[in-house]
Amino acid sequence: MHALRDDFFEEGKRLDADPETRHEADCWLCHGRIDYTVPAATTPDSHTLDHAKDVDTYPELQEDPDNFRHCHFNCNSSRGKRAPNDQGLGEQMPAWW
Ligand SMILES: [Zn+2]
């Protein structure tokens, strides 16, 4: 999956470099331009791979490039309904402990 993400980032970067194809590399959620000069997922305007069809509902499409969309890190995380939460905050201690 990691290599697919890298390839997808590189594809976006190539599309963005050419004014003719730049619109194809824009964020599919807000249509704003993505910052391809910084590594993926490092700033709010940086690139992330989003899935057009939610991988919770369509797990078989997780590695399908037809399902990939260029997306801002910020837009992707605010969409966020499937953000994994298994890092967890741990068990909450009772307030009186
Ligand atoms: Zn966006």
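Bear in mind the structure is a predicted one, so any value in this text is a computation, not a measurement. (Residues numbered from 1 in each chain as written. Predicted model: local features only at pLDDT ≥ 70, side-chain atom pairs only at ≥ 80, totals over all residues. Heavy atoms only, no water.)

## Details of the side chain of His-72
Item 1. Here His-72 shows up in strand S2 (residues 68–72).
Item 2. The exposure class assigned to His-72 is buried, which follows from its relative accessible area of 6%.
Item 3. Separated by 2.9 Å, the side chain of His-72 and the backbone oxygen of Arg-33 make a polar contact.
Item 4. Once you skip the residues sitting within four places of it in the chain, His-72 turns out to touch Cys-27, Cys-30, Gly-32, Arg-33, Ile-34, Pro-44, Asp-45, Ser-46 and Thr-48. (Helix = DSSP H or I, 4+ residues; strand = E, 2+ residues; numbered from the N terminus. Buried < 20%, exposed > 50% of the residue type's maximum accessible area, 1.4 Å probe, protein only. Polar contact = N/O pair within 3.5 Å; in protein donor to acceptor, adjacent residues only side chain to side chain. Contact = heavy atoms within 4.5 Å.)

## Structural notes on the coordination of the zinc ion
Item 1. For the zinc ion, the full set of protein donor atoms is Cys-27 (SG), Cys-30 (SG), His-72 (ND1) and Cys-75 (SG), and the range of their distances to it is 2.0 to 2.3 Å.
Item 2. One can describe the donor arrangement at the zinc ion as tetrahedral, given that its four donor atoms subtend angles of 100 to 115 degrees at the metal.
Item 3. Sequence spacing of the donors to the zinc ion: C-x2-C-x41-H-x2-C. (Donors = N, O, S within 2.8 Å, 3.2 Å for Na, K, Ca; no water. Tetrahedral: all angles 85-135°; square planar, octahedral: opposite > 155°, others 65-115°.)

## A closer look at a negative patch on the surface
Item 1. A cluster of like negative charges, contributed by Asp-6, Asp-7, Glu-10, Glu-11 and Glu-24, occupies part of the molecular surface.
Item 2. Here Glu-11 lies in helix H1 (residues 2–17).
Item 3. Given the relative accessible area of 33%, Glu-11 is considered partly exposed. (Patch = residues over 30% accessible without salt bridge, like charges linked within 9 Å, V, L, I, M, F, W, Y side chains within 5 Å. Areas by Shrake-Rupley, 256 points an atom, 1.4 Å probe, with all protein chains shown as cover. Salt bridge = Lys/Arg side-chain N within 4 Å of Asp/Glu carboxyl O. Lys, Arg positive; Asp, Glu negative; His and termini not counted. Charge placed at Lys NZ, Arg CZ, Asp CG, Glu CD.)

## Topic: the environment of Leu-49
Item 1. Relative to the helices and strands, Leu-49 resides in strand S1 (residues 47–51).
Item 2. Considering only alpha carbons, one finds Leu-49 and His-72, 23 residues apart in sequence, at a separation of 8.4 Å.

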